[in-house]
Amino acid sequence: MSESIVSKLKGLRGMNDLLPDQSSKWQYVEATFKHILARYGYSEIRTPVLEDTTLFQRSIGEATDVVEKEMYTFDDRNGESVTLRPEFTAGVVRSVIEHGLAFNQTQRLWTTGPVFRYERPQKGRYRQFHQLSVEIFNLAGPDIDVELILLSARLLRELGLSDQVTLELNSLGTPEARAEYRSLLVDYLTEHKHELDEDSQRRLTTNPLRILDSKNPDMADMLAGAPRLIDHLDDESRAHFDYLKDRLTALGIPFRINTRLVRGLDYYSRTVFEWTTTALGSQGTVCGGGRYDGMVEQLGGKHVPAIGFGLGIERLVLLLETLDLFPDTIGNTVDVYLTAVGTRAEQMALPLAEQLRDQLPSLRLQLHCGGGSFKSQIKKADRSGARIALLLGEEESANATVGIKFLREERDQEQVSQAQLGERLAVLFESAQ
Ligand code: ATP
Ligand code: MG
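Here goes a summary of the coordinates provided.

Structural notes on the packing of helix α1 (residues 20-39) against helix α5 (residues 142-158)
In step 1: Look at α1 against α5: their axes get within 10 Å of each other, and the N-to-C directions meet at 140°. In terms of orientation, α1 lies oblique with respect to α5. In this structure, the crossing between α1 and α5 has a hand that is right-handed. Along its contact with α1, which presents Y28, T32, F33, I36, L37 and R39, the element α5 presents L151, R154, L155 and E158.

Shown next, in the form of C-alpha cells:
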C-alpha cells in the first residue's frame, strides 16, 4: 500500500490569523472608532481590495518605497495588471471621482479593512495589516485640519493612550514651494554626498525629501544642518499652519513640530502629522496623515482639496496590550450557560434558551451541547466565563423549574420556575442590559 504524505499547510509569512482571544480586542477597538466617527458625523465607504495598478503608481508616486518595492502586483487572467491595495486613500479618491461624491459637496468618510505591503515581517510590521482610514473632501481651510486631528486625538484618548503618544506636526507647503526648497536641499545634500548611505544616495535624484526622515543615526548630525522646508513655505501655507498650531494650542492638544516629517507617500501638501509612541520600538508610528490637495486632480477629477489619515490597527492593539489597557471584561463572551442532564431536560433546554433570547436580547446565553454529567457540564460553564450556570435536570424538568447557580459569587443557589426565569435574569443582569 502506498503511503500518501500530506504536507501541512501554513498561512503566508506576514499574514496573520486573528484568533478568538484577539478578535474580541479588535472588536473593542473597532467599536470605539465607529462610535467616535458617528459622533463627528462621518460616513463609511467601502472600496474593493483590488484596483488597477496604475491607480497606485499615479497617486502614491513611482519613487516611493510602497510603489518601488512593497506592492502585491500581478496580472489577472485577462493580462491586466492589478494590485492589492497598499493603502486606502487612492481607492477612496478613485471612488469619489467615479461617483461624483465631491461634486459641489463635502464628504467626511472613513473606511477600514486589510491592506497589503510586501515588507520584511517583524513586530508591528506585517504583509497583510489593517488600517482605519479617514478621508475628507472639498474642505480647504485649516479648520478641518483641526477637526481631523481632534478626532484622531479622541480615538487615542478614549482608548486610554493620551499619555503614551506624541503628535508630530509639519507643513510641506504647496508643490511650488516644495520644488524650490527641493533644489536647496539637493544642493546641501550633494555637498555632503559622502555622508549619505546607499539608500539616500539613490534618493538624492529620485526623492530627496524622503532622505530627511531617514532613521540612520550616522546621518542624523548632517541632516540636522540641512535647510528646513518650514523656513521656505509660501505665505498661504504659513498662515494655514499658524492657524492650525494656534487652534491646537487653544484646545489643549500638545504637539511637537518635526521639521523633518515628510511622510512616505508623494501626494501630501501643507499639513502632515503623525502620532508616535516610544513603546513599540522602531515601529513607533501608530497613525499618520495629512493634506493631499492635488490628488483628486492628479487622478483625473476636478480640483478638490482633501485631507486624511491612516491608523495601523495591529500597532494600536499591540500598544494597548503592551500597556495593559484593555478592559478586563474583554474576551468574555458568555453571561449565562444553560446545562441539561437527561433526555427530557435536553429537549426542554432548546426552547427555553430560545425563549430567553426572545425575552432578553442582550443576554449572551450559551447552551450546553454534547451531554455528560452535571459535574462536567458545570466545569464547561465555568470555563466559558459565564457568571451564571442554569441547571436543568430530571427534577427541574418534572416540575418546570430551573436552578440558578452563581459561578463567580459567594451566593446561594436559587430555584425559580421556568416561566419566571426571564424576569429573574433581567433583574440579575440589570446593570448590564
Ligand atoms: P512606517 O514608516 O512604519 O513604514 P508608513 O509611513 O509606511 O509607516 P503609512 O503608509 O503612513 O505608514 O500607514 C499608516 C499606518 O499604518 C502607519 O502609521 C502604521 O501604523 C501602519 N503600518 C504601515 N505599514 C505597516 C505594516 N507593514 N504593518 C503594520 N502596520 C503598518
Ligand atoms: Mg512603510
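What follows picks up the thread again.
As for a negative patch on the surface
In step 1: Together, D52, D75, D76 and E80 make up a negatively charged patch on the protein surface.
In step 2: Within the secondary structure, D76 is located in the loop between β3 (72-75) and β4 (81-84).

Quick look at the nonpolar core
In step 1: Core analysis: the biggest nonpolar cluster contains 48 residues, and F33, L132, F309, L311 and L316 have the highest contact counts within it.
In step 2: Not counting residues within four places of it along the chain, the set of residues in contact with F309 comprises L132, S133, V134, E135, L148, L151, S152, L155, F273, C287, G288 and G289.

Quick look at the environment of T285
In step 1: Within the fold, T285 resides in strand β10 (residues 285-291).
In step 2: Along the sequence, T285 and P20 sit 265 residues apart, while their C-alpha atoms lie 26 Å from each other.
In step 3: Excluding anything up to four places from it in sequence, T285 contacts E274, W275, T276 and R315.
In step 4: A polar contact of 3.4 Å, which involves the side chain of T285, links it to the side chain of E274.

Here's the deal with unusual backbone geometry
In step 1: Positioned with a positive phi, N104 is a non-glycine residue whose angle comes to about 55°.
In step 2: Among the secondary structure elements, N104 is positioned in the loop between α4 (89-98) and β5 (107-116).
In step 3: With a relative accessible area of 71%, N104 lands in the exposed category.

Scoring rules and cut-offs
- Residues numbered from 1 in each chain as written.
- Chains lettered and ligands numbered in written order.
- Predicted model: local features only at pLDDT ≥ 70, side-chain atom pairs only at ≥ 80, totals over all residues.
- Heavy atoms only, no water.
- Axes fitted to C-alpha atoms, helices over the stretch in contact; angles between N-to-C directions.
- Helix = DSSP H or I, 4+ residues; strand = E, 2+ residues; numbered from the N terminus.
- Parallel < 35°, antiparallel > 145°, perpendicular 65-115°, else oblique.
- Left-handed = near helix turned anticlockwise from the far one by under 90°.
- Contact = heavy atoms within 4.5 Å.
- Patch = residues over 30% accessible without salt bridge, like charges linked within 9 Å, V, L, I, M, F, W, Y side chains within 5 Å.
- Areas by Shrake-Rupley, 256 points an atom, 1.4 Å probe, with all protein chains shown as cover.
- Salt bridge = Lys/Arg side-chain N within 4 Å of Asp/Glu carboxyl O.
- Lys, Arg positive; Asp, Glu negative; His and termini not counted.
- Charge placed at Lys NZ, Arg CZ, Asp CG, Glu CD.
- Core = buried A, V, L, I, M, F, W, Y, C linked by side-chain atoms within 4.5 Å.
- Buried < 20%, exposed > 50% of the residue type's maximum accessible area, 1.4 Å probe, protein only.
- Polar contact = N/O pair within 3.5 Å; in protein donor to acceptor, adjacent residues only side chain to side chain.

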